[in-house]
Amino acid sequence: MRSFDIALAALLFLAGATAARAQTVVDGSDAAVGPEATRTVLSLIGTQLRDPEARVAGLRTGRAGALCGTVDVRNRMGVHTGPRGFVADLPEKFFGRLPEGPELRSPGSMASFRAMERARALFDANCTAG
């Protein structure tokens with residue numbers, strides 16, 4: 001019976017630790033865009049990327065009004081893959097990470113291809129220099 005109590009305590013501890021994880025802004029750039037925009041973009045990231053420990057940085061308002069930044073998510077092995085640019089159109093509830101080569105060569109569907117193209121166009125209009 002003692003081992004059952006220990007196992008139950010460990011399970012409850014792990015459940016609590018998992019619930020405490022959340023996407024976070026790691027560099028303080030959330031102050032530049034405000035708490036409401038930060039909450040919205042973190043919610044969109046959580047919905048789209050499904051990584052409870054995504055690291056967000058470089059938040060800023062883009063030239064055409066969209067929100068720009070980087071997000072670092074974990075791969076299937078649980079290792080963070082490095083920051084990747086994103087753009088979010090908050091009024092439209094749209095979030096898109098800049099696609100990489102494999103995603104562009106083999107999109108999952110026509111809808112995902114359109115979303116990648118929209119993200120690239122929004123990123124170019126808002127987040128690139130020039």
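Residues numbered from 1 in each chain as written. Predicted model: local features only at pLDDT ≥ 70, side-chain atom pairs only at ≥ 80, totals over all residues. Heavy atoms only, no water.

Let's talk about the overall build of the chain
Piece 1. Across its full length, the chain holds five helices and five strands.
Piece 2. The N-to-C order of helical and strand elements in the chain reads α-β-α-α-β-β-β-β-α-α.
Piece 3. Per-residue burial for the chain yields a buried fraction of 33% across its 130 residues.
Piece 4. Total accessible area on the chain stands at roughly 8300 Å², and carbon and sulfur atoms take up 58% of it. (Helix = DSSP H or I, 4+ residues; strand = E, 2+ residues; numbered from the N terminus. Buried < 20%, exposed > 50% of the residue type's maximum accessible area, 1.4 Å probe, protein only. Areas by Shrake-Rupley, 256 points an atom, 1.4 Å probe, with all protein chains shown as cover.)

A word on the nonpolar core
Piece 1. Within the largest apolar cluster, 17 residues are counted, with the highest numbers of intra-cluster contacts made by Val 41, Ile 45, Val 56, Leu 59, Val 71 and Phe 86.
Piece 2. Of all the secondary structure elements, the ones that give two or more residues to this core are helix H3 (35-49), strand S2 (55-61), strand S3 (67-72) and strand S4 (84-89).
Piece 3. For this core, the element with the highest residue contribution is H3, accounting for five residues.
Piece 4. With eight residues, the next largest nonpolar core counts Cys 68, Phe 94, Ala 119 and Leu 122 among its residues. (Core = buried A, V, L, I, M, F, W, Y, C linked by side-chain atoms within 4.5 Å.)

Looking at helix H5 (residues 110-126)
Piece 1. Under the 1.5 Å per step criterion, the end-to-end length of H5 is 24 Å for 17 residues, consistent within 8% with the ideal 24 Å.
Piece 2. Restricting attention to buried positions, one finds in H5 the residues Met 116, Ala 119, Leu 122, Phe 123 and Asn 126. Angular distribution of buried residues about the axis of H5 spans 130 degrees; they occupy a single face of the element. In H5, the exposed residues that point more than 90 degrees away from the buried face are Met 110 and Arg 114.
Piece 3. Check the buried side of H5 and you find it contacts S3, S4, strand S5 (94-97) and helix H4 (101-105). (Expected span 1.5 Å × (residues − 1). Arc of directions from axis to C-beta. Contact = heavy atoms within 4.5 Å.)

Topic: the pattern of salt bridges
Piece 1. Taken as a whole and assessed by the stated rule, the structure comprises five salt bridges.
Piece 2. Between Arg 74 and Asp 51 there is a salt bridge, with the nearest N and O atoms lying 2.9 Å from each other. One end of the pair, Arg 74, is in the loop between S3 and S4; the other, Asp 51, is in the loop between H3 and S2, and 23 residues separate them in sequence.
Piece 3. Between Arg 120 and Glu 117 there is a salt bridge, with the nearest N and O atoms lying 3.8 Å from each other. Here Glu 117 and Arg 120 lie together in helix H5, a separation of three residues that amounts to about one turn.
Piece 4. Overall, the relative accessible area of 30% leaves Glu 117 in the partly exposed class.
Piece 5. One network of salt bridges, in which partners are shared, links Asp 51, Glu 53 and Arg 74. (Salt bridge = Lys/Arg side-chain N within 4 Å of Asp/Glu carboxyl O.)

Everything listed here is a matter of geometry and, on its own, says nothing about what the molecule does.
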